[in-house]
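# Examination of the molecular architecture
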Amino acid sequence: TDSQKNRDEKLLAVCKLLNENVEYYNWVGFYFANHDTKTLHLGPYVGAETDHTVIPFGKGICGQVAESNANFVVPDVKAQDNYIACSLTVKSEIVVPLFVNGVNIGQIDIDSHVIDPFTEADERFLEFVNQEVAKLF
Ligand code: SME
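Each chain carries its own residue numbering, running from 1 in the written order of its sequence. Where local features are concerned, this predicted model is filtered to residues with pLDDT of at least 70; where side-chain atom pairs are given and counted, the filter is 80 or more; whole-chain, interface and lining totals use all residues.

Pairing between strands is defined by DSSP: at least two bridges between the two strands are required. By the criteria applied, helices consist of DSSP H or I runs no shorter than four residues and strands consist of E runs no shorter than two, each listed in order from the N terminus. Taken in spatial order, the 6 strands of this open sheet run β3-β2-β1-β6-β5-β4, and their pairing is antiparallel. Sheet topology places β3 (54-56) and β4 (72-74) at the edges, where each strand pairs with a single neighbour. When the angles between neighbouring strand axes are averaged without regard to direction, this sheet yields 25 degrees. Where strand β5 (residues 92-100) meets strand β6 (residues 103-112), 9 bridges bridge the pair, whose relative direction is antiparallel. In the strand pairing of β6, Val 96 is matched with Ile 108. Any pair of residues counts as being in contact when their C-beta atoms, constructed from backbone geometry, are within 7 Å of one another. Where helices are involved, their axes are fitted lines through C-alpha atoms of the stretch in contact, as for all axes, and angles between N-to-C directions lie from 0 to 180°. Most of the contacts of helix α3 (residues 120-134) go to β5, to which it runs at about 35 degrees, and overall it touches β4, β5 and β6.

Below, the structure is given as structure tokens:
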């Protein structure tokens with residue numbers, strides 16, 4: 001629909017803004033949950049193409065956040081066993097759930113090419129971004 005297209009354009013603009021303005025945000029994208037099939041589906045993103053457009057709940061960092069409803073900061077992806085590698089250049093990751101009316105409808109996922117760049121300031125900032133994004137739903 002038109003409103004869906006309009007929203008996706010705005011989500012893509014958010015991804016671009018974050019990717020262009022924060023040096024260590026090297027891949028920025030949104031995944032959205034299908035609660036019936038218990039899968040995450042890739043939405044708008046900026047960065048390298050990924051094969052992981054559908055991720056089952058529980059799998060990888062993203063899938064774990066779909067179930068935990070909590071931020072997940074990964075300083076070093078090599079130290080994670082439940083991790084889905086998209087690119088060998090990725091060293092760290094942050095995933096912050098997106099809540100609409102208290103329901104976890106998806107998440108923002110950011111990959112970085114440097115080790116351990118994410119601080120609590122990133123968590124607070126991305127929570128704020130997601131609160132703004134939630135208003136589009
Ligand atoms: N690394 C993620 C998969 C998505 S890619 O980072 C775009 C994970 O382990 O869930």
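Below, the discussion takes up the environment of Val 73. Here Val 73 is to be found in strand β4. In sequence terms Val 73 and Ile 105 are 32 residues apart; their C-alpha atoms lie 19 Å from each other. Beyond its immediate sequence surroundings of up to four residues, Val 73 is in contact with Ile 94, Phe 118 and Glu 123.

All residues are tested the same way: a C-beta atom is placed from the backbone, and lying within 6 Å of a molecule or strand makes the residue near it. The environment of the ligand is made up of 14 residues, and the closest members are Gly 60, Ile 61, Cys 62, Ile 84 and Cys 86. If you list the elements that add at least two residues to the shell around the ligand, you get α2 (60-68) and β6. Considering each element in turn, the shell around the ligand owes the most residues, 4 residues, to α2. Think of it as three bins: nonpolar holds Ala, Val, Leu, Ile, Met, Phe, Trp, Tyr, Cys and Pro, charged holds Asp, Glu, Lys and Arg, and polar takes everything else, Gly as well. Along the lines of polarity and charge, the residues of the shell around the ligand split into 7 nonpolar, 4 polar and 3 charged.

UniProt positions are given in the numbering used here, feature names are shortened, and annotations may be inferred rather than shown by experiment. Here the UniProt feature "domain: GAF" (unreviewed entry) sits at residues 13-129. Secondary structure content for residues 13-129 is 24% helix and 35% strand, and the end C-alpha separation is 12 Å.

This part covers unusual backbone geometry. We note that Asn 69 has phi near 60 degrees; this positive angle belongs to a residue other than glycine. Structurally, Asn 69 is set in the loop between α2 and β4. Assessed through the 12 C-beta atoms surrounding it within 10 Å, Asn 69 is described here as exposed. A residue is called partly exposed when the number of other C-beta atoms within 10 Å of its own lies between 12 and 20, exposed at 12 or fewer, and buried at 20 or more, with C-beta atoms placed from the backbone.

With that out of the way, let us pick up α3. An ideal rise of 1.5 Å per residue puts 21 Å on 15 residues; α3 measures up with 21 Å between its terminal C-alpha atoms. Within α3, burial applies to Leu 126, Asn 130 and Val 133. The buried residues of α3 all sit within an arc of 55 degrees when viewed along its axis, so they share a single face. In α3, the exposed positions angled more than 90 degrees off the buried face are occupied by Glu 120, Ala 121, Arg 124, Phe 128, Gln 131 and Glu 132. To estimate how far a helix should extend, the number of its residues minus one is multiplied by 1.5 Å. The directions considered for the arc run from the helix axis to the C-beta atoms.

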